Amino acid sequence: MMTRLYHHPIFAEHLTGPGHPERPERMAAVAAALEDEAFQNLDRVLASEGSLDAVYRCHPHDHVRKIARSTPTEGMARIDGDTIVSPQSFAAALHAVGAACAAVDDVVSGAARNVFVAARPPGHHAERATAMGFCLFNQAAIAARHAQAVHGLERVAIVDWDVHHGNGTQDIVWSDPSILYVSTHQMPLYPGTGARSETGVGNVFNVPLREDDGTDEFRAAFREAVMPPLEAFRPDLVIISAGFDAHHRDPLGGLNLTEADFDWATGQLLDVASRHAGDRLVSLLEGGYDLQGLGRSVASHVKRLMIG
Ligand SMILES: [Zn+2]
């Protein structure tokens, strides 16, 4: 079985304006990084638009209406200070949802061993009723609920190594013991949440790192605070909120990870998926704003997924 990649040109048509870090060029950087010969066996599939029913498992109808209404017919509009929408944004976000749900379908049916979804906008800051932090819909939480509702999986783990805390994912799963949320992130940093004391109903594990922390601190935190709750949870599916803005080159983050760290962490999570989840693992792109750091990190991550 192969590693599958979901992509779509519409992910580059979500426009955010000059100088915005979450920009269309990120998709070109990811595509270029995956052109290498090492990726010739990657199973590339075009994403389809997701269903609103999938979205409604995590967001109220009013949230969807608000985003649809904010989307301009030309130019750009602001949802908050840094969350921008353009005419194709709603469709792009729905395709990101579609790809995340299709990825779950694929690892459950065995069409793919694992999947990387190279989509934007990202999702982990989108709360139940609030689009923020460049995010409209929360793909990771939507994929988790899709796995449960459509495929009957019981326990889904979401591991988030983006440099920012996934306040949106935490908000959505806060009182849902069937979904484990484990996040490493820099603190203090946007959005300000993610303290160790935020634990949901015992299903939320926040593992804050300090500015300038690098390989040693990240791997120690992962071994000591990410792996134990994951092992204890015995997930039926592992979802990665794969942000690459903890890379040392990233302009928004202050951590010092290298692509080797993403390779290593990917290996750790593949092991968990192999031990508990029949190898079922879905990885969703979140942040990563230095094009070179993003490209190299994605290459290293996907290479590891392909090794399995
Ligand atoms: Zn981020």
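What you see is a predicted model; the values in this text were computed from it and never measured.

Rules of the game
Residues numbered from 1 in each chain as written. Predicted model: local features only at pLDDT ≥ 70, side-chain atom pairs only at ≥ 80, totals over all residues. Heavy atoms only, no water. Helix = DSSP H or I, 4+ residues; strand = E, 2+ residues; numbered from the N terminus. Expected span 1.5 Å × (residues − 1). Buried < 20%, exposed > 50% of the residue type's maximum accessible area, 1.4 Å probe, protein only. Donors = N, O, S within 2.8 Å, 3.2 Å for Na, K, Ca; no water. Tetrahedral: all angles 85-135°; square planar, octahedral: opposite > 155°, others 65-115°. Salt bridge = Lys/Arg side-chain N within 4 Å of Asp/Glu carboxyl O. Pairing = 2+ DSSP bridges. Right-handed = clockwise from strand over helix to strand, strands pointing away.

A. Representation of helix 4 (residues 89-109) in the model. The end-to-end C-alpha distance of helix 4, which contains 21 residues, comes to 30 Å, matching closely the 30 Å that a straight helix rising 1.5 Å per residue would cover. In terms of burial, helix 4 is largely enclosed, as 18 of its 21 residues are buried. Looking one or two residues past helix 4, Gly-110 carries a phi angle of roughly 90 degrees, positive in sign.

B. Structural detail: the coordination of the zinc ion. Coordination sphere of the zinc ion, protein contribution only: Asp-162 (OD), Asp-162 (OD), His-164 (ND1) and Asp-245 (OD), at 2.0 to 2.8 Å. Angles of 52 to 154 degrees at the metal separate the four donor atoms of the zinc ion, which places the site in the irregular class. For the zinc ion, all donor residues lie on one chain, and their spacing in sequence is D-x1-H-x80-D. Of the two residues, Asp-162 is situated in the loop between strand 6 (156-160) and helix 6 (167-173) and Asp-245 in the loop between strand 9 (237-242) and helix 8 (259-276); the sequence distance between them amounts to 83 residues. Its relative accessible area of 1% is what places Asp-162 among the buried residues.

C. How the structure looks around the pattern of salt bridges. Summed over the entire model, instances satisfying the criterion amount to 13 salt bridges. Salt-bridge contacts for Asp-106 lead to Arg-4; the nearest nitrogen and oxygen are separated by 3.1 Å. Of the two residues, Asp-106 sits in helix 4 while Arg-4 sits in strand 1 (residues 3-7), which places them 102 residues apart along the sequence. In this structure, the salt-bridge partner of Asp-176 is Arg-145, at a minimum N-O distance of 3.0 Å.

D. Here's a closer look at the pairing of strand 7 (residues 179-186). Most of strand 7 is tucked away, with eight of its eight residues classed as buried. Residues Ile-179, Tyr-181, Ser-183 and His-185 of strand 7 are buried on one face, and the alternating residues Leu-180, Val-182, Thr-184 and Gln-186, pointing to the opposite face, are buried as well. The pairing of strand 6 with strand 7 spans five bridges and is classified as parallel. What sits directly across from Val-159, in strand 7, is Val-182. At this point the chain moves from strand 6, through helix 6, to the parallel strand 7, and the crossover so formed is right-handed. Summarising the sheet, strand 7 and strand 8 (residues 204-209) pair through six bridges and their orientation is parallel. Of the residues in strand 8, the one forming a bridge with Val-182 is Phe-205.

E. Molecular detail of helix 8. Here helix 8 contains 18 residues, and its C-alpha end-to-end distance of 26 Å stays within 8% of the 26 Å for a straight helix at 1.5 Å per residue. Considered for burial, the residues of helix 8 that qualify are Asp-261, Phe-262, Trp-264, Ala-265, Thr-266, Gly-267, Gln-268, Leu-269, Leu-270, Val-272 and Ala-273. Just downstream of helix 8 lies Gly-278, where phi reads positive at about 55 degrees.

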